[in-house]
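A closer look at the structure
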Amino acid sequence: MTKTKELHKEIISKFNILRNESLALHTNIKIGGIADYLTVVDDQDKFVELYHICQGKNIRFLVLGHGTNVFFADEGFRGIVFVINFKRINLVDETTVRVESGAALSELNRFCIANCLTGFEFSSGIPGTVGGAIYGNAGAYGKNIGECLQGARVLTADGNVIKVTKDFFKFAYRHSDLKENNDIVLEADLKFEKGDYNDILHKVREIRSIRYKKLPHWSISTAGSFFKNLKDEKGNSVAAAVYLDAVDSKHTAVGDAGVHIKHANIFYNKGHASARDVLELEKILRERVLEKFNIRLQREVMYIKS
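In this text, all values refer to a predicted model and were calculated from it rather than measured experimentally. (Residues numbered from 1 in each chain as written. Predicted model: local features only at pLDDT ≥ 70, side-chain atom pairs only at ≥ 80, totals over all residues. Heavy atoms only, no water.)

**Observations concerning the overall build of the protein chain**
Condition: Every helix listed is a DSSP run of H or I at least four residues long, and every strand listed is a run of E at least two residues long, numbered separately from the N terminus. Within these notes, the globule rule equals 2.2 Å times the number of residues to the 0.38 power, and the radius of gyration is based on C-alpha atoms. Think of it in three bands: with a 1.4 Å probe and only protein chains considered, a residue is buried below 20% of the maximum accessible area for its type, exposed above 50%, and partly exposed in between. Contacts are residue-level and defined by heavy atoms, with any inter-residue pair within 4.5 Å sufficient. Calculation of accessible area relied on Shrake-Rupley with a 1.4 Å probe; when residues are assessed, cover is drawn exclusively from the protein chains displayed. Under the convention used here, Asp and Glu are negative, Lys and Arg are positive, and both His and the chain ends fall outside the count. Taken as the charge location is NZ of Lys, CZ of Arg, CG of Asp or CD of Glu.
Looking only at helices and strands, the protein chain features eight helices and 21 strands. Scaling as 2.2 N^0.38, a compact globule of 306 residues should have a C-alpha radius of gyration of about 19 Å, and the protein chain matches this with 20 Å. Taken along its principal axes, the extent of the C-alpha atoms in the protein chain is 55 × 50 × 35 Å. Here the protein chain holds 306 residues, and 50% of them are scored as buried. Long-range contacts, defined as pairs at least 24 residues apart, comprise 64% of the intrachain contacts of the protein chain with a sequence gap of at least 6. In the form shown here, the protein chain has an accessible surface area of approximately 15300 Å², with 48% of it arising from carbon and sulfur atoms. With 43 positive and 38 negative side-chain charges, the protein chain shows a spacing of 2 Å between the two charge centroids.

**Quick notes on the pattern of salt bridges**
This is how the line gets drawn: Think of a salt bridge as a Lys or Arg side-chain nitrogen and an Asp or Glu carboxyl oxygen that are within 4 Å of each other.
Taken as a whole and assessed by the stated rule, the structure comprises 14 salt bridges. The residue Arg-78 makes a salt bridge to Asp-36 at a minimum N-O spacing of 3.1 Å. Residue Arg-78 is found in strand 5 (residues 77–84), and its partner Asp-36 is found in strand 2 (residues 34–41); the two are separated by 42 residues along the sequence. Neither residue differs from the other here; Arg-78 and Asp-36 are each classed as buried. It is possible to trace a salt-bridge network through shared partners that takes in Asp-74, Glu-75 and Arg-276.

From the geometry alone we can't say anything about function, so treat these as descriptive.
Here's what the structure looks like:
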């Protein structure tokens with residue numbers, strides 16, 4: 001890939017842009033080489049301004065939240081990485097919440113509890129940001145964020161800021177059209193219902209307890225569920241972990257990339273794992289499942305090439 005064009009030092013200073021930043025510092029699984037440029041952006045308008053600058057200079061860019069469901073190539077990233085950090089949360093009306101895309105799901109979850117809003121309890125314990133959750137239509141226990149979304153403010157791939165409705169995203173299982181059109185959510189309106197504070201809190205604590213029992217501790221370096229869940233002949237959801245357990249995934253490792261003992265579908269970094277380690281581990285487990293069940297697993301975690 002060709003070398004990234006140099007950014008003028010005044011632009012670097014204005015937007016607090018870092019040069020040659022380790023991407024391992026910005027992903028939960030702590031894997032990734034060096035980015036040519038990286039900046040943490042805490043204001044929507046500044047983000048749009050810098051986006052337009054990069055467009056005008058034809059500089060490759062990538063938008064990142066908390067980096068909980070992604071790993072980068074060992075060769076790094078040729079271009080600039082925007083880490084989204086604008087995260088205001090406000091009530092629009094009694095049951096509608098307007099939230100900026102950099103807000104953590106955990107913060108939105110707490111906001112809903114404090115305002116007696118029910119319908120978002122399923123997100124309890126899910127890491128990452130609202131923007132990332134919309135991008136991948138994150139969900140759990142049969143519910144997803146796409147069901148809550150009412151409308152959004154979006155920066156389109158060609159640089160226009162527009163308001164859209166839910167239909168714009170064409171939500172499907174772990175999918176939105178953002179993966180196809182490269183548009184970026186700036187903020188979203190999510191619709192909930194009024195509920196009882198104690199009932200909501202009890203449900204949140206119950207879900208968190210379930211997650212904490214079956215998933216690695218938050219301090220473990222993972223990228224979440226590695227493969228997408230599947231459907232059986234009747235259309236019922238079947239966890240990828242069912243097939244991975246059956247091929248002894250929990251006792252499989254490549255270098256410092258291994259499968260966590262608590263969950264057959266979660267890869268983790270034991271200390272110094274590389275992207276190559278993860279990709280080789282993925283290949284081994286894909287082949288085992290294909291050979292035993294004639295099923296092709298699809299990666300849910302995003303892999304960003306240099």
